[in-house]
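# Architecture at a glance
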Amino acid sequence: MALATLRRITDLRAAARSVWPILRRAVLTGQLWNPQCVLTDPDPDVLCEYDVRIPMRDGFDITVNVVRSRRAAAAGERVPVVMCAHPYDNHPPAHPRSSRG
């Protein structure tokens, strides 16, 4: 049990050492309390469709989030796609002012 506790303490110290430079800079520049970004309301023309199933040729389905223009969707217009693929969860954290919030 003492070995497990020592390992946890060592892990915590390593985590603190890795986070400290970022935290220090955020405190010294004031970004911790006054971030240099502005959250805005989403554009009303943006249509977000989450967890849309897309069948693949090999028989599998992938689940994607589709973000497009409401006007283009209503008109059935085909528009170019910007794709980002990754192995992580498909759901971003919801912010109160986001379209998922």
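Residues numbered from 1 in each chain as written. Predicted model: local features only at pLDDT ≥ 70, side-chain atom pairs only at ≥ 80, totals over all residues. Heavy atoms only, no water.

Another point: the overall build of the protein. Scanning the protein from N- to C-terminus turns up 2 helices and 2 strands. When the helices and strands of the protein are placed in sequence order, the string is α-β-β-α. As displayed, the protein offers around 9,400 Å² of accessible surface, 60% of which is attributable to carbon and sulfur atoms. (Helix = DSSP H or I, 4+ residues; strand = E, 2+ residues; numbered from the N terminus. Areas by Shrake-Rupley, 256 points an atom, 1.4 Å probe, with all protein chains shown as cover.)

A few words now on the pairing of strand β1 (residues 46-55). Note that β1 and strand β2 (residues 61-69) share 8 bridges and pair antiparallel. Bridge pairing in β2 links Arg-53 to Thr-63. The hairpin turn running from β1 into β2, its antiparallel successor, is 5 residues long, and Gly-59 in that turn takes a positive phi close to 100 degrees. (Pairing = 2+ DSSP bridges.)

It is worth spelling out a nonpolar patch on the surface at this point. Taken together, Val-19, Trp-20, Leu-23, Val-27, Leu-32 and Trp-33 make up a surface patch of nonpolar side chains, about 620 Å² in accessible area. Locating Val-19 in the fold gives a position in helix α1 (residues 2-29). (Patch = residues over 30% accessible without salt bridge, like charges linked within 9 Å, V, L, I, M, F, W, Y side chains within 5 Å. Salt bridge = Lys/Arg side-chain N within 4 Å of Asp/Glu carboxyl O.)

Averaged over the protein, the pLDDT score is 81; the fraction of residues at 70 or greater is 82%. Of all helices and strands in the protein, the one with the weakest mean pLDDT is β2 (85), whereas helix α2 (residues 70-75) scores best (90). (pLDDT = per-residue confidence, 0-100.)

Attention shifts here to the pattern of salt bridges. In total, this model carries 3 salt bridges according to the counting rule given. With its nearest N and O atoms 3.0 Å apart, the salt bridge here joins Glu-49 to Arg-68. Of the two residues, Glu-49 sits in strand β1 while Arg-68 sits in strand β2, which places them 19 residues apart along the sequence. Arg-68 sits in the partly exposed class, given a relative accessible area of 32%. Among the ionic pairs, Asp-61 bridges to Arg-53, the shortest N-O distance being 4.0 Å. (Buried < 20%, exposed > 50% of the residue type's maximum accessible area, 1.4 Å probe, protein only.)

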